Amino acid sequence: MTMKDWREVQEADARKLLEELADHKWDFRTVEGLTRSTGLPVQRVKELLEKYKELVRTFPMPDTAGNTLYTIGEKSESLRETLTKISSIASKRAVKRAK
């Protein structure tokens, strides 16, 4: 599947999930948060995130509880996301130099 715009999705459950990911009240969402807001079972949310992965972006690091964070792919990258990526790259380089 090569869909570029989540608004093209016709599947009702997927549309509901993608609308929640596109909500500008949130930068990123967890599976549990998406389950609560959509009313879909956890397994269904996970299946849809995988099925429509080309429309979804994950945050480079998990939240403090270890949960993966998701957003709609078309949202602009947040400053926090950019800084996390830079920090991750810098940490990896420091570890390589230490070896």
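Notes on the structure in this doc start here. Everything quoted here is computed from the prediction, not taken from an experiment. (Residues numbered from 1 in each chain as written. Predicted model: local features only at pLDDT ≥ 70, side-chain atom pairs only at ≥ 80, totals over all residues. Heavy atoms only, no water.)

A word on the packing of aromatic side chains
Stage number 1. Counted according to the given criterion, the structure contains 1 aromatic pair.
Stage number 2. Both rings, one in Phe28 and one in Phe59, keep their centres 4.9 Å apart while their planes meet at 65°; by these two values the pair is edge-to-face. With Phe28 in the loop between α1 (12–22) and α2 (31–38) and Phe59 in the loop between β1 (56–58) and β2 (70–72), this residue pair connects regions lying 31 residues apart in the sequence.
Stage number 3. Taking the relative accessible area as the measure of exposure, Phe59 reaches 10% and is therefore buried. (Phe/Tyr/Trp six-rings, centres within 6.5 Å; stacked < 30°, edge-to-face > 60°. Helix = DSSP H or I, 4+ residues; strand = E, 2+ residues; numbered from the N terminus. Buried < 20%, exposed > 50% of the residue type's maximum accessible area, 1.4 Å probe, protein only.)

Comments concerning the packing of α2 against helix α3 (residues 42–51)
Stage number 1. At a closest axis distance of 9 Å, the pairing of α2 and α3 adopts a crossing angle of 110°. The angle between α2 and α3 places the two elements in the roughly perpendicular class. The handedness of the crossing between α2 and α3 is right-handed. Counting all contacts with α2, which are made through Val31, Leu34, Thr35 and Thr38, the residues of α3 involved are Val42, Val45, Lys46 and Leu49.
Stage number 2. Looking at the contact of α2 with α3 residue by residue, the class counts come to 5 nonpolar, 2 polar and 1 charged. (Axes fitted to C-alpha atoms, helices over the stretch in contact; angles between N-to-C directions. Parallel < 35°, antiparallel > 145°, perpendicular 65-115°, else oblique. Left-handed = near helix turned anticlockwise from the far one by under 90°. Contact = heavy atoms within 4.5 Å. Nonpolar A, V, L, I, M, F, W, Y, C, P; charged D, E, K, R; others polar.)

With respect to the side chain of Thr35
Stage number 1. Relative to the assigned elements, Thr35 resides in helix α2.
Stage number 2. If we skip the residues at most four places from it in the chain, Thr35 touches Leu40, Pro41, Val42 and Val45.

A closer look at the packing of α1 against α2
Stage number 1. Where α1 contacts α2, the axes come no closer than 10 Å and their chain directions differ by 115°. In this structure, α1 meets α2 at a crossing whose hand is right-handed. Touching Lys16, Leu17, Glu20 and Leu21 of α1 are Leu34, Ser37 and Thr38, all from α2.
Stage number 2. Counted by class, the contact of α1 with α2 contains 3 nonpolar, 2 polar and 2 charged residues.

Note that all results are geometric; they support no functional claim without further evidence.
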